[in-house]
Amino acid sequence: NAGVTQTPKFQVLKTGQSMTLQCAQDMNHEYMSWYRQDPGMGLRLIHYSVGAGITDQGEVPNGYNVSRSTTEDFPLRLLSAAPSQTSVYFCASSSSGFVGPAKRPYTFGSGTRLTVV
Amino acid sequence: AQTVTQSQPEMSVQEAETVTLSCTYDTSESDYYLFWYKQPPSRQMILVIRQEAYKQQNATENRFSVNFQKAAKSFSLKISDSQLGDAAMYFCAYRSVNNNDMRFGAGTRLTVKP
């Protein structure tokens, strides 16, 4: 089925370890983004990309890196995990722009629950 | 940057009754989109309803409707004939037309009592 696929669904890391959260979409969406969800704070934007080769920072980018080498994939890298990065991470995608009947809703992945100990 | 505020961390409603969830936002833009997303315990984010800022008419989707007050920067969600399956976290979100960025409120947890 078409959509946004996130892997893994769960992960436990030790402080200082690195890892990559994977995100892939098969809808040919130009826009992709990463959010983290923490209790009482909603979803906060980490990084986003408006197309292959283009990325930019959101509200809370520190400690995270991204790249967008293809339209389909938008991985999120934690270079040195910290307990403050314990959260649920969501990847989302949409077509860019607001012209047309689709009104460009986001499609979300199912999330990755990350625990850093 | 735009901010979205949901002032009700928790709400409850009796099954079959109506409940309204509040959302306010801050922006200097004249054109934008507003959304309500539902997040059940499965964690999946589900789009409930959307509103274009340039439209005066309030959006409706079956039992869900919004009260969009542009001048007051208010965007509340009304759920009519509440059902047990409506129990979830509800997030209000603002999307800029300039940068495709979407900002979320902190969420309101809705409980539906049988």
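It should be noted that the structure appears before, not after, this text.
Keep in mind the model is a prediction, meaning the values are calculated, not measured.

Caption draft 1: Quick peek at the side chain of serine 76 of chain B. As for its placement among the helices and strands, serine 76 of chain B is situated in strand S9 (residues 74–79). Leaving out residues up to four positions away in the same chain, serine 76 of chain B has contacts with Thr20, Leu21, Ser22, Cys23, Trp36, Ser65, Val66 and Asn67 of chain B.

Caption draft 2: The arrangement of the interface of chain A and chain B in detail. Taken together, the contact between chain A and chain B spans 30 residues of the former and 22 residues of the latter. A buried area of about 2,100 Å², summed over both sides, lies between chain A and chain B, and 54% of it is on carbon and sulfur atoms. Taken together, chain A and chain B are joined by 1 salt bridge. Counting across the interface, chain A meets chain B through 7 residue pairs in polar contact (both at pLDDT 80 or more). Where the side of chain A that touches chain B is concerned, the elements lending two or more residues are strand S4 (31–38), strand S5 (42–51), strand S9 (87–94) and strand S11 (112–116) of chain A. The element that contributes the greatest number of residues to the side of chain A that touches chain B is S5 of chain A, accounting for 4 residues. Tallied by class, the residues present in the side of chain A that touches chain B amount to 14 nonpolar, 11 polar and 5 charged.

Caption draft 3: Quick peek at the nonpolar core. All names here are of chain B. Residues Tyr25, Trp36, Phe75, Leu77 and Tyr90 are the most contacted members of the largest nonpolar core, which totals 25 residues. Of all the elements in the fold, those that place two or more residues in this core are strand S3 (19–21), strand S5 (32–39), strand S6 (46–52), strand S8 (64–69), S9, strand S10 (88–96) and strand S12 (108–113). Ranked by the residues each element gives to this core, the list is headed by S10, at 4 residues. What phenylalanine 75 contacts, discounting residues up to four positions off in sequence, is Cys23, Tyr25, Leu34, Phe35, Trp36, Gln51, Val66, Asn67, Phe68 and Cys92.

Caption draft 4: Inspection of the environment of valine 12 of chain A at higher detail. Residues and elements named next belong to chain A. By the secondary structure assignment, valine 12 is in strand S2 (residues 10–13). Overall, valine 12 belongs to the exposed group, its relative accessible area being 56%. Residue contacts for valine 12: discarding those within four places in its chain leaves Thr115 and Val117.

About the thresholds
- Residues numbered from 1 in each chain as written.
- Chains lettered and ligands numbered in written order.
- Predicted model: local features only at pLDDT ≥ 70, side-chain atom pairs only at ≥ 80, totals over all residues.
- Heavy atoms only, no water.
- Helix = DSSP H or I, 4+ residues; strand = E, 2+ residues; numbered from the N terminus.
- Contact = heavy atoms within 4.5 Å.
- Buried area = accessible area lost by both parts, 1.4 Å probe.
- Salt bridge = Lys/Arg side-chain N within 4 Å of Asp/Glu carboxyl O.
- Polar contact = N/O pair within 3.5 Å; in protein donor to acceptor, adjacent residues only side chain to side chain.
- Nonpolar A, V, L, I, M, F, W, Y, C, P; charged D, E, K, R; others polar.
- Core = buried A, V, L, I, M, F, W, Y, C linked by side-chain atoms within 4.5 Å.
- Buried < 20%, exposed > 50% of the residue type's maximum accessible area, 1.4 Å probe, protein only.

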